[in-house]
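Structural description and commentary
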Amino acid sequence: MDSDKFYTCKSDRAFKEVFLKKNDSEPLQALLELILEIKIDYLEIKKTELLSGNVNIKDKRVDAVVYAGNKKIDIEINSQDKDYVKPRNTAYICNMYQSHTLVGELYDEKTDIVLVNLTWGLGSKESKKTKYMIMSEDGKQYVKNFIIYEINMDYFDKLWYSKNEEEIKKNMYLIMLNLDKKELEAMPKDKRDKIVDKYITNVTIVNDNPEFQKYMSEEEDKRKIQNSLISEAKNEGISQGVKQTAKNLLSMNMPIEDISKATGLSTEEINKLKNEK
């Protein structure tokens, strides 16, 4: 276990540990107010399990689900911008939208279903925030309450090293998410308020927890093994090798959709392998 390693909130696990505190939602509320540019009077942290409605499909665990006023918000931490990220996260918000329509006696658009993607890997020159909605080719809105925000975290990482003090202060709640221990400790007092101070305290406590460090070390080891198996299968280019890799990944409880993307096997083929003794 690497006790000296410091995990920032670029890690979804660290983000959950720091921000999803039901007895202290103030940091998460401040972060969402900055992102959505609204005032939130009340915020409720919900379970992160999305029900599929199909007993044959495994339920999905998202990073964070929050209710704030007339908004139901899914927050996803994406440490890199891979091809599978956007389809996967869109599936999450579609699941939330579907679940919402099953509640009550009316189909209406009074409640916003929102996906907030905190994404690294987009490039610091891209827009800092992009808003997506369902629209026609000529810009006609189909529904008004299906909203996706893509937050370009590379932009805010780079902003920290700029000389634009006004923008740094304005966006500190996003900037702080990927600052390491030394940067947080060295942060000048004029860049800190009670939210930043609370964040520094909480993320430090989380990193000092031996159980958290152990969990993260095991997760990284598991991921490296998965990547090695996938790489090995690709290099072999042999059908049987790919199937064996899929079996190995199944034994590690890797989602079937991810195994399919990694190996090129269909979900039907993987399910057959899953049922083989």
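Here, every reference points to the structure presented above.
Topic: the pairing of strand β5 (residues 71-78)
Among the eight residues in β5, eight count as buried, and that is most of the element. Here β5 shows no split at all, with K71, I73, I75 and I77 on one side and K72, D74, E76 and N78 on the other all buried. In the sheet, strand β4 (residues 64-68) pairs with β5 via five bridges, with the strands oriented antiparallel. Paired with Y67 across the bridge in β5 is K72.

Quick notes on the sheet that holds strand β7 (residues 129-133)
If you walk across this open sheet you meet the six strands as β1-β4-β5-β6-β8-β7, and the pairing is mixed. The outermost strands of the open sheet, each flanked by one partner alone, are β1 (43-46) and β7. Each neighbouring strand pair of the sheet contributes to a mean axis angle of 20°, computed without reference to strand direction. Across eight bridges, the pairing between β5 and strand β6 (residues 112-119) is parallel. Note on β6: the bridge partner recorded for I75 is V116.

A closer look at the packing of aromatic side chains
With the rule as written, the count across this model stands at five aromatic pairs. A centroid spacing of 4.7 Å and a plane angle of 25° characterise the contact between F15 and F19, whose relative ring orientation is stacked. Here F15 pairs with F19, and both are found in helix α1 (residues 12-19), just four residues apart, close to one helical turn. The same class applies to F15 and to F19, which are both buried. Measuring from ring centre to ring centre gives 5.8 Å for F19 and Y199, while their planes differ by 35°; the resulting arrangement is tilted. Of this pair, F19 sits in helix α1 while Y199 sits in helix α8 (residues 194-208); the two residues are 180 residues apart in sequence, bridging distant segments of the chain. Members of the aromatic cluster, joined through ring pairs, are F15, F19 and Y199. Across from the ring centre of Y215, 4.0 Å away, lies the NZ or CZ of R13, which sits over that ring.

Criteria and thresholds
- Residues numbered from 1 in each chain as written.
- Predicted model: local features only at pLDDT ≥ 70, side-chain atom pairs only at ≥ 80, totals over all residues.
- Heavy atoms only, no water.
- Buried < 20%, exposed > 50% of the residue type's maximum accessible area, 1.4 Å probe, protein only.
- Helix = DSSP H or I, 4+ residues; strand = E, 2+ residues; numbered from the N terminus.
- Pairing = 2+ DSSP bridges.
- Axes fitted to C-alpha atoms, helices over the stretch in contact; angles between N-to-C directions.
- Phe/Tyr/Trp six-rings, centres within 6.5 Å; stacked < 30°, edge-to-face > 60°.
- Lys NZ or Arg CZ within 6 Å of the ring centre and 35° of its normal.

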